Amino acid sequence: MSESATAPLSLRDARRDEVPAIVAMLADDILGGAREKAGDLPPYFAAFDAIAHDPNNRLLVADVDGALSGCLQLTFIPGLSRGGAWRAQIESVRIAASARGGGFGRRMIEAAIDLARARGCTLIQLTTDKARADALRFYESLGFAATHEGMKLMLD
């Protein structure tokens with residue numbers, strides 16, 4: 001196991017002052033670079049405030065030795081289906097370029113799964129862009145299965 005794979009990782013709630021660094025992570029790839037507007041932070045701060053004040057939403061960061069190494073949003077969704085079960089949704093997963101390949105993504109997702117279990121969720125789901133072949137393989141290695149076809153309708 002590499003040194004980075006054994007470095008202490010803390011998955012904790014993001015702080016408002018970390019929003020610029022989180023947005024930079026979201027924008028640091030071919031898909032995110034085309035859709036994120038890192039130079040226009042007010043909408044991101046507004047979104048952060050909404051997430052922070054919603055008990056069913058958490059914006060989490062992976063903190064490794066004091067450095068932000070990853071982020072994800074974890075949302076808890078109540079539902080009537082599946083016997084009134086709660087489910088968790090993982091979105092906006094990113095690993096900082098400097099931390100990729102060190103096992104932090106796996107540890108971050110495993111920690112999110114543990115949080116969902118602790119919250120009483122019976123199912124955890126996520127979406128990833130079909131163009132992200134490496135991400136698809138990664139999620140499959142964690143036990144996720146492509147059981148449904150996701151669809152989106154852009155409203156803007």
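Structure: above.
A brief look at the structure comes next. (Residues numbered from 1 in each chain as written. Predicted model: local features only at pLDDT ≥ 70, side-chain atom pairs only at ≥ 80, totals over all residues. Heavy atoms only, no water.)

A few points about the overall build of the protein chain
And then number 1: Helix and strand counts for the protein chain come out as seven helices and five strands.
And then number 2: For the protein chain, the succession of helices and strands along the chain, N to C, is α-β-α-α-α-β-β-α-β-α-β-α.
And then number 3: In summary, the protein chain has a C-alpha radius of gyration of 16 Å against a globular reference of 15 Å for 156 residues, a match within 12%.
And then number 4: Structurally, the protein chain occupies a C-alpha span of about 40 × 40 × 30 Å along its principal axes.
And then number 5: Residue burial in the protein chain is summarised as follows: out of 156 residues, 35% are buried. (Helix = DSSP H or I, 4+ residues; strand = E, 2+ residues; numbered from the N terminus. Rg over C-alpha atoms; globule rule 2.2 N^0.38 Å. Buried < 20%, exposed > 50% of the residue type's maximum accessible area, 1.4 Å probe, protein only.)

What about the sheet that holds strand β3 (residues 67-77)?
Picture the strands of a sheet paired through backbone hydrogen bonds; they go either parallel or antiparallel.
And then number 1: One open sheet accounts for five strands, arranged β1-β2-β3-β4-β5; its pairing is mixed. In this open sheet, the two strands that pair with only one neighbour each are β1 (9-13) and β5 (121-126). In this sheet, adjacent strand axes meet at a mean angle of 25° when their direction is disregarded.
And then number 2: Here seven bridges tie β3 to strand β4 (residues 86-95), and the two strands are oriented antiparallel to one another. The partner of leucine 74 across the bridge, within β4, is isoleucine 90.
And then number 3: Along the sheet, helix α2 (residues 19-27) contacts β2 (57-64), β3 and β4; its crossing angle with β3, the most-contacted strand, is approximately 85°. (Pairing = 2+ DSSP bridges. Axes fitted to C-alpha atoms, helices over the stretch in contact; angles between N-to-C directions. Contact = heavy atoms within 4.5 Å.)

Thoughts on unusual backbone geometry
And then number 1: Of note, aspartate 65 is a non-glycine position whose phi angle comes to about 55°, a positive value.
And then number 2: Structurally, the position occupied by aspartate 65 is in the loop between β2 and β3.
And then number 3: On the basis of relative accessible area, aspartate 65 is assigned to the exposed category, the value being 64%.
And then number 4: Even without being glycine, serine 92 reaches a positive phi, approximately 55°.
And then number 5: Mapped onto the secondary structure, serine 92 falls in strand β4.
And then number 6: What makes serine 92 partly exposed here is its relative accessible area of 32%.

What to know about the packing of α2 against helix α4 (residues 42-52)
And then number 1: Where α2 meets α4, the axes come as close as 10 Å, and the angle between the chain directions of the two elements is 110°. As the angle between them shows, α2 and α4 are arranged roughly perpendicular. Taken together, the residues of α4 that come into contact with α2 (itself represented by Val19, Pro20 and Val23) are Tyr44, Phe45 and Phe48. (Parallel < 35°, antiparallel > 145°, perpendicular 65-115°, else oblique.)

Here we look at the pairing of β3
And then number 1: Within β3, eight of the eleven residues are buried, which leaves it mostly tucked inside the rest of the structure.
And then number 2: In terms of strand pairing, β2 meets β3 through eight bridges, oriented antiparallel. The residue of β3 that forms the bridge with asparagine 57 is threonine 75.

What about the state of the cysteines?
And then number 1: Within this structure, the stated rule accounts for zero disulfides.
And then number 2: Cysteine 121 supplies the cysteine sulfur nearest to cysteine 71, a cysteine that is in no disulfide, at a spacing of 20 Å.
And then number 3: We classify cysteine 121 as buried; its relative accessible area is 11%. (Disulfide = S-S within 2.5 Å.)

Observations concerning the pairing of β2
And then number 1: Counting buried residues along β2, seven of its eight residues qualify, which places the element largely inside the surrounding structure.
And then number 2: Summarising the sheet, β1 and β2 pair through five bridges and their orientation is antiparallel. Paired with leucine 11 across the strands is alanine 62, a residue of β2.
And then number 3: Between the antiparallel neighbours β2 and β3 lie two residues, among them aspartate 65 with a positive phi of about 55°.

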